[in-house]
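Chains, contacts and geometry: an overview
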Amino acid sequence: MENEFDSVFPKSYVMKGGEGPHSYAQNSTGQKSAIEAAKHHLQNAITKKFDLKAISASSENLICIADLGCSMGPNTFIAIQNIVEAIQLKYQSQNQSTPEILVFFNDQASNDFNTLFQNFPPNRNYFAAGIPGSFYGRLFPKQSLHLVHTSAALSWLSELPKELTDRSCGALNKGRIFYTNAPSEAYDAYQRQFKMDWEAFLQARAQELVDNGIMACLMNVINDIDFKVDLYLGKDFELLGSCPMDMAKLGLIQEEKVDTFNVPLCSLISSNLDLMKILETSEDFSIEQSEVMDNNCFVIPNIEYFVSRLRAVLEVLIENHFGVGIVDELFERFTEKVREFPKIMDVPKLKFHLFFVVLKRKVKA
Ligand code: SAH
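Reference entry: report on the structure contained in this document.

**Structural notes on the overall build of the protein chain**
- Helix and strand counts for the protein chain stand at eleven helices and seven strands.
- The globule rule puts the C-alpha radius of gyration for 365 residues at 21 Å, and the 21 Å found for the protein chain is close to it.
- Seen along its three principal axes, the alpha-carbon backbone of the protein chain occupies a region of about 70 × 45 × 35 Å.
- Counting the 365 residues in the protein chain, one finds 55% classified as buried.
- The contacts of the protein chain with a sequence gap of at least 6 include a subset with a gap of at least 24, amounting to 84%.
- Roughly 16400 Å² of accessible area belongs to the protein chain as shown, and the carbon and sulfur atoms make up 51% of that amount.
- Each charge class in the protein chain can be summarised by its mean position, and for the 35 positive and 46 negative side chains these summaries are 2 Å apart.

**Here we look at the site of the ligand**
- Not every one of the 21 residues close to the ligand is listed here, only the nearest: Tyr-24, Gly-69, Asn-75, Asp-107 and Ser-151.
- Between Gln-108 and the ligand, the recorded distance is 3.1 Å, taken from a side-chain N or O atom to an oxygen atom.
- In this structure, Phe-135 approaches the ligand through a main-chain N or O atom, which is 3.0 Å from a nitrogen atom.
- Contact with the protein chains removes 98% of the 580 Å² of surface that the ligand exposes when unbound.
- Split into classes, the residues belonging to the shell around the ligand amount to eleven nonpolar, nine polar and one charged.

**A look at the pairing of strand S4 (residues 145-151)**
- Burial runs high along S4: seven of the seven residues are buried.
- Pairing analysis gives three bridges linking strand S1 (residues 62-68) to S4, with the strands arranged parallel. Looking across to S4, one finds that Asp-67 is bridged to His-149.

**Observations concerning the pairing of strand S5 (residues 209-222)**
- Judged by how many residues are buried, S5 sits mostly within the fold: eleven of 14 residues are covered.
- With nine bridges joining them, S5 and strand S7 (residues 352-361) adopt antiparallel strand pairing. Residue pairing for S7: Asn-220 is matched across the bridge by Leu-354.

**Digging into the environment of Ala-79**
- Relative to the assigned elements, Ala-79 resides in helix H3 (residues 75-93).
- In this structure the C-alpha to C-alpha distance between Ala-79 and Glu-36, which are 43 residues apart in sequence, comes to 8.3 Å.
- With residues near it in sequence (within four places) discarded, Ala-79 still touches Ile-35, Leu-42 and His-149.

**What about the packing of aromatic side chains?**
- Counted by the stated rule, this structure contains 15 aromatic pairs.
- Both rings, one in Phe-113 and one in Phe-117, keep their centres 5.9 Å apart while their planes meet at 40 degrees; by these two values the pair is tilted. One end of the pair is Phe-113 and the other is Phe-117, both in helix H4 (residues 113-118) and four residues apart, which spans about a single turn.
- Relative to Phe-322, the ring of Phe-261 has its centre 5.2 Å away and its plane inclined at 50 degrees; by these criteria the two rings are tilted. Of this pair, Phe-261 sits in the loop between helix H8 (255-259) and helix H9 (272-280) while Phe-322 sits in helix H10 (residues 303-322), and the two are 61 residues apart along the sequence.

**Re the side chain of Ser-151**
- For Ser-151, the position within the fold is in strand S4.
- Ignoring sequence-local partners within four residues, the contact set of Ser-151 consists of Ile-35, Leu-68, Gly-69 and Leu-218.

**Comments concerning the nonpolar core**
- Grouped together as the largest cluster of nonpolar side chains are 84 residues, with contacts concentrated most on Trp-198, Phe-201, Leu-314 and Phe-334.
- Residues in contact with Phe-334, not counting those within four places in the same chain, are Asp-236, Leu-239, Leu-240, Cys-243, Phe-306, Val-307 and Leu-310.
- Among the nonpolar cores identified, the runner-up in size contains 35 residues, and Ala-86, Ile-101, Phe-120 and Leu-147 belong to it.

**Digging into the pattern of salt bridges**
- Summed over all chains, the structure comprises 15 salt bridges.
- Arg-205 is the partner of Glu-208 in a salt bridge, and the nearest nitrogen-oxygen pair spans 2.8 Å. In this pair, Glu-208 and Arg-205 are both assigned in helix H6 (residues 184-208), three residues apart and thus about one turn of the helix distant. As far as burial versus exposure is concerned, Glu-208 and Arg-205 are alike and both buried.
- Each of Lys-16, Arg-311, Glu-315 and Asp-328 takes part in salt bridges that share partners, so that together they form one network.

**Here's the deal with the packing of helix H7 (residues 235-249) against helix H11 (residues 327-340)**
- It is at 9 Å that the axes of H7 and H11 come closest, and there the two elements cross at 130 degrees. Our classification of the angle between H7 and H11 gives oblique. Of the two elements, H7 crosses H11, and the hand of that crossing is right-handed. Within the contact between the two elements, H7 uses Asp-236, Leu-239, Leu-240, Ser-242, Cys-243, Pro-244, Asp-246 and Met-247 and H11 uses Glu-329, Leu-330, Phe-331, Arg-333, Phe-334, Lys-337 and Val-338.
- Here the residues of the contact of H7 with H11 sort into nine nonpolar, one polar and five charged.

**Remarks on H3**
- Here H3 is 19 residues long and its end C-alpha atoms lie 27 Å apart, about the 27 Å a rise of 1.5 Å per residue gives.
- Note on H3: the residue one or two positions beyond its end, Asn-95, has a positive phi of about 55 degrees.

About the cut-offs
Residues numbered from 1 in each chain as written. Predicted model: local features only at pLDDT ≥ 70, side-chain atom pairs only at ≥ 80, totals over all residues. Heavy atoms only, no water. Helix = DSSP H or I, 4+ residues; strand = E, 2+ residues; numbered from the N terminus. Rg over C-alpha atoms; globule rule 2.2 N^0.38 Å. Buried < 20%, exposed > 50% of the residue type's maximum accessible area, 1.4 Å probe, protein only. Contact = heavy atoms within 4.5 Å. Areas by Shrake-Rupley, 256 points an atom, 1.4 Å probe, with all protein chains shown as cover. Lys, Arg positive; Asp, Glu negative; His and termini not counted. Charge placed at Lys NZ, Arg CZ, Asp CG, Glu CD. Near = heavy atom within 4 Å. Polar contact = N/O pair within 3.5 Å; in protein donor to acceptor, adjacent residues only side chain to side chain. Nonpolar A, V, L, I, M, F, W, Y, C, P; charged D, E, K, R; others polar. Pairing = 2+ DSSP bridges. Phe/Tyr/Trp six-rings, centres within 6.5 Å; stacked < 30°, edge-to-face > 60°. Core = buried A, V, L, I, M, F, W, Y, C linked by side-chain atoms within 4.5 Å. Salt bridge = Lys/Arg side-chain N within 4 Å of Asp/Glu carboxyl O. Axes fitted to C-alpha atoms, helices over the stretch in contact; angles between N-to-C directions. Parallel < 35°, antiparallel > 145°, perpendicular 65-115°, else oblique. Left-handed = near helix turned anticlockwise from the far one by under 90°. Expected span 1.5 Å × (residues − 1).

Next comes the structure, spelled out in C-alpha cells:
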C-alpha cells in the first residue's frame, strides 16, 4: 500500500533564501501587490463564508490556518494578518471572543525556514509552526484545518512532465526552457501535468479540511492568449533560455544539460476557464466565490529589478541543474539582452490576470 507520508518530501524548486540582493524576500513586490489586490475579496469571503459553527463543531478553542507555499516572507505575514483580522472582526460582530489561532507555514523542505522564523512579526496574535513538504501530497492530519490560503504558489508544478525529462524519448523541448514557442507536445505535456497536479492538490486538502472549511487560492492566470500573436508572452523566458544556449556554444556548459532544463511553472498555461472546469467537477468542494482581477498595480522600476525578480525564483533551480558558478554570468547575459529588448518589461502587456477563488469543503455524506 502506498504510504501517505511518502509524498511529503518532493523535488525542490525553492526561492532564493536569505535577505540579500537576489533573495525572494527582497524581490517579491509583484507577489505582494497580488496579495494586496485580493485583500478585500479575501476578507469579504471570511466575513460571509467562514462558518463559526464549523469551528465549534470540530474544536471549541482553536482555529487552524495553513498558508501553503509561504516562502520566507514577508508576503506570507501580510496575507495571514489579513486573514486573522477578518476572523477577529467576525467573532466581535457576533459578540464572541476569538478562539486561539494556530498558523501553519508550509513550504518545501529546502525552503529557507530560518529566515521565515526569524522574521515572524513580533506582535503577532497567533501561534506559528513550520510544516515542510509538498502541498501536492498530504501535509496535515484528517479534518484538522479550518482555513487554507495559498498565493503565487500553485503556479509551480509538482514536477516537470515526464515527457520532458525522459531522455530515451530525446529532448522534447530541445533548445528551450519553457513552452512558449515550443512544440505542441511540450505544451500539452505541461497542461496534462497542471491538471493532474490540481486534482492531487484538491484531493489532499479535501482530507485535511474540516466540513465547511474554507480554501482561498490566489494565482496568476492568463486570459485570451494566442501564443502566436502575443509577442510579449513568455519572452522573458525565451530570452533567458537563449543565455545558457549561448554559453553552451562557447563550451561553458554542456548542451545536453540545456536541452533537459525546463522551468516547471504553469503560469502561462493556466487560464481561469480551465481552472473553473477542474473545480466545477470536484465532488469535495463547492465554489463559493471567484474573481478575475487585473494585475497592473505593480510597476517594474528598472532592468536590475526585472532581472533580480526572475533570478530570485529561478536561481536555486538553475544551480540544482547546472551546478553552482554559472548564475552570475547567466544573469549578466540576460541583463544585456533585456537592455536590447526593454519592451519585455512592460508588465500589462504580459496579459497576466490574478485569479482568486474561494472553495468550501462539502459536508461528507
Ligand atoms: N506565498 C508567497 C510565496 C510565493 S513563491 C507569496 O505570495 O509571496 C512560491 C512558493 O511556493 C515558493 O516558496 C515555493 O518553494 C513554494 N512551492 C512551490 N511548490 C511547492 C509545493 N509543491 N509544496 C510546497 N511549497 C511549494
